Amino acid sequence: MGKRKSLPSSSEGSASEGENADIIEEEPARKRISKLSSKKSALEKENLDTEKKKLAQLQKRIKQLEKKQPKQVTRDISSEDEFESEEEADPPSTPFSSSIRPLAAITVPNTTKPTQLKRIGAAAAKAVPRISANAFKSLPLSNLRQESPETTEAQSNHMPSSNDGNMHGTTPPAAMSSPLSSRTTHLPAPATAITHAATGNGCSGVDPILKVPAFREGVTPDPKNPKASDYEDTVTALILRAAFEYEALISTANAFPDTTLRHKWARKCWKHAGLDADEQYQMTEAISTLLRQRGSRIRGHAVTSIRACVANIFGFKKKADPRTITNNIGLFRKLKDNSSFHYKVRPETQSGYAQGKIISECLQSAWFENKDSHGVVFEKLFNPVPFEIMALILTILDFCLDEWSSGKFEKATLWEKNVIARHKVFREDLEKWGQQNESVIKALRKKLYTRARRDAGAAELSTVKSSLTADALDRVRAELEGRTGETDSEAEQS
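Keep in mind the model is a prediction, meaning the values are calculated, not measured.

1. Here we look at the overall build of the chain
- Regarding its fold elements, the chain presents 15 helices and zero strands.
- At a minimum sequence separation of 6, the contacts of the chain that also span at least 24 residues come to 75%.
- Total accessible area on the chain stands at roughly 33400 Å², and carbon and sulfur atoms take up 52% of it.

Below, the structure is given as structure tokens:
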């Protein structure tokens, strides 16, 4: 029989099994490490390829920018090493890292708006109270107005010199042909004229006490279209006050003044406004222009007011049917016949010259609208009602009646050249009427003013009279004879 193989002992068997198990466990680990290494190498290679592509694109972009932008001085990077991180920089992993160059410095504008800080509470700045544009409009007339003609003429010389030929009294060719609603063609003086007025350069006789009118902050005035609102509050209020008086002069003294008189009145009204408000300012050509434009404004205002009175008082109808048109034509002819429209009784007897209801209504509507109107503020100009304003009312009435001549209302523009002749006739007729009995006519005109003032809501005029008549003075003189007034020993009379 063959020799039997000896079986390993239990200790030997167990050792062999342990070694085999270790070998079996090591083989899968090596495989996993090999796979991970290969994957990592592939990933690094892929990342490297990606970085190379990006770097190539950046280099291409840099070359394009260098071609488009002018050559600029770049910063010396080496000088900034001390500001870099203290860590050691990794050595370049690729041979093309040294070809990277920095871009030129680009300045980015700061578009953020600064924050506006605002004080609040007790520290907040208090707003300066503004002056109303009409603050001086209804001021009572100052007693300082009573000055000598020499002083008035000296004040007129405070206006800075102007290149406007109309300052010397020349009348522009179109002055008589312009509509009343249009503005004058005078342009304000350039800004240098105001500067000269302040310094005295090129403008002799300027009183340094007078202040220079200043424009409102943030306003750029238009030399071709000056406005009162362009100026600071005080000057604006003075302009409106002076303009208010200028309109009163146009209404009561001369409805159609020439150029010389307009300039004279502008200076006069500006001076009066300063006296009434106790604010003394130089008068510039721009302010003079603003004042002289008010003549057209007040005449236009009167036309609008009287036009409404004509339709309401006389009874014209705006219907377009044939019957209404026929009645309007008949009414128009009756009123125009021998100017019977202003009589108190018309048309047969024609009594009560210039005393018709239409006169008082027109006066009330245009110049006595309220207690701050022209007629109330400037009592000395309106009381008694002047012949000039009555002539202006008659002129505008005659003009407004013509708008109904066809039986239908046809609005027209009042041109100075078309009405100045009839205005002259009405003025002469009124003066002749006043000469027939001056005391009675004056009393009628005073009564007309008193009623208009009352209906405007203004206080009645003071009627206090002196009690020291001639007889009363004689009695006082007799009582005082023999008295010294130096002691108390004189008997007191109860």
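2. Re the nonpolar core
- Counting 79 residues, the largest nonpolar core has Trp270, Trp367 and Leu397 as the members making the most contacts within it.
- Of the residues forming this core, the biggest block, twelve residues, is contributed by helix α12 (residues 387-402).
- Ignoring sequence-local partners within four residues, the contact set of tryptophan 367 consists of Ser251, Ile298, Ala302, Cys362, Ser373, His374, Gly375, Phe382, Ile389, Leu392 and Ile393.

3. Re the packing of aromatic side chains
- Taken as a whole and judged by the stated rule, the model has eleven aromatic pairs.
- Considering the side-chain rings of phenylalanine 368 and phenylalanine 382, the 5.9 Å spacing of their centres and the 85° angle between planes classify their relative orientation as edge-to-face. Taken together, the positions of phenylalanine 368 in the loop between α9 (357-367) and α10 (374-377) and phenylalanine 382 in helix α11 (residues 379-382) put the pair 14 residues apart, joining distant regions of the chain. In this structure, phenylalanine 368 and phenylalanine 382 share a single accessibility class: buried.

4. Considering unusual backbone geometry
- Residue proline 384 follows asparagine 383 across a cis peptide bond; omega there is -5°.
- Here proline 384 shows up in the loop between α11 and α12.
- Phi is positive for aspartate 278, close to 55°, though the residue is something other than glycine.
- Of note, aspartate 278 is situated in the loop between α5 (259-277) and α6 (285-292).
- The exposure class assigned to aspartate 278 is exposed, which follows from its relative accessible area of 64%.

5. Quick notes on the packing of helix α13 (residues 416-436) against helix α14 (residues 438-455)
- Taken N-terminus to C-terminus, the directions of α13 and α14 make an angle of 115°; their axes are 5 Å apart at the nearest point. Residue-level inspection shows Trp433, Gly434, Gln435 and Gln436 of α13 in contact with α14, the latter providing Glu438, Ile441 and Leu444.
- When grouped by side-chain class, the residues that make up the contact of α13 with α14 number three nonpolar, three polar and one charged.

6. Some words on the side chain of glutamine 282
- Examined against the element boundaries, glutamine 282 turns out to sit in the loop between α5 and α6.
- A distance of 3.4 Å separates a polar atom in the side chain of glutamine 282 from the backbone oxygen of leucine 210.

7. Things to note about the packing of helix α7 (residues 294-314) against α12
- Relative orientation of the contacting elements α7 and α12 amounts to 60°, with a least axis distance of 9 Å. Taken together, the axis directions place α7 and α12 in an arrangement best described as oblique. Classified by chirality, the crossing of α12 by α7 is right-handed. Of the residues in α12, those in contact with Arg299, Ala302, Val303, Ile306, Arg307, Val310 and Phe314 of α7 are Ile393, Ile396, Leu397, Phe399, Cys400 and Leu401.

8. Some remarks on the pattern of salt bridges
- Within this structure, the stated rule accounts for 18 salt bridges.
- Across the salt bridge formed by arginine 427 and glutamate 388, the nearest N and O atoms sit 2.3 Å from each other. Within this pair, whereas arginine 427 is found in helix α13, its partner glutamate 388 is found in helix α12, the two being separated by 39 residues in sequence.
- Here aspartate 402 makes a salt bridge to arginine 422, at a shortest N to O gap of 3.3 Å. One end of the pair, aspartate 402, is in helix α12; the other, arginine 422, is in helix α13, and 20 residues separate them in sequence.
- Residue aspartate 402 is classed as partly exposed on the basis of its relative accessible area, which comes to 28%.
- Judged by its relative accessible area of 22%, arginine 422 is partly exposed.
- Bridged by salt links that share partners, the residues Arg145, Arg241, Glu245 and Asp276 form one connected network.

9. Details of a nonpolar patch on the surface
- A grouping of Leu468, Leu473, Val476 and Leu480 is seen on the molecular surface, where their side chains present a nonpolar patch of about 350 Å² in accessible area.
- As for its placement among the helices and strands, valine 476 is situated in helix α15 (residues 470-480).
- By relative accessible area, which is 37% here, valine 476 ends up partly exposed.

10. Section: the environment of glutamate 285
- Along the chain, glutamate 285 falls in helix α6.
- Glutamate 285 sits in the buried class, given a relative accessible area of 1%.
- Separated by 22 residues in sequence, glutamate 285 and histidine 263 have C-alpha atoms that sit 10.0 Å apart.

11. So, the environment of tyrosine 353
- For tyrosine 353, the position within the fold is in the loop between α8 (322-336) and α9.
- Once you skip the residues sitting within four places of it in the chain, tyrosine 353 turns out to touch His342, Tyr343, Asp429, Leu430 and Trp433.

12. Observations regarding the side chain of arginine 307
- By the secondary structure assignment, arginine 307 is in helix α7.
- Since its relative accessible area comes to 16%, arginine 307 is described here as buried.
- Within polar-contact distance, the side chain of arginine 307 engages the side chain of glutamate 403 at 2.8 Å.
- Ignoring anything within four residues of it in the chain, the contact list for arginine 307 reads Phe399, Cys400, Glu403, Phe409, Lys411 and Ala412.

Rules behind the numbers
- Residues numbered from 1 in each chain as written.
- Predicted model: local features only at pLDDT ≥ 70, side-chain atom pairs only at ≥ 80, totals over all residues.
- Heavy atoms only, no water.
- Helix = DSSP H or I, 4+ residues; strand = E, 2+ residues; numbered from the N terminus.
- Contact = heavy atoms within 4.5 Å.
- Areas by Shrake-Rupley, 256 points an atom, 1.4 Å probe, with all protein chains shown as cover.
- Core = buried A, V, L, I, M, F, W, Y, C linked by side-chain atoms within 4.5 Å.
- Buried < 20%, exposed > 50% of the residue type's maximum accessible area, 1.4 Å probe, protein only.
- Phe/Tyr/Trp six-rings, centres within 6.5 Å; stacked < 30°, edge-to-face > 60°.
- Axes fitted to C-alpha atoms, helices over the stretch in contact; angles between N-to-C directions.
- Nonpolar A, V, L, I, M, F, W, Y, C, P; charged D, E, K, R; others polar.
- Polar contact = N/O pair within 3.5 Å; in protein donor to acceptor, adjacent residues only side chain to side chain.
- Parallel < 35°, antiparallel > 145°, perpendicular 65-115°, else oblique.
- Left-handed = near helix turned anticlockwise from the far one by under 90°.
- Salt bridge = Lys/Arg side-chain N within 4 Å of Asp/Glu carboxyl O.
- Patch = residues over 30% accessible without salt bridge, like charges linked within 9 Å, V, L, I, M, F, W, Y side chains within 5 Å.

It is worth stressing that arrangement in space is one thing and function is another; only the former is reported here.
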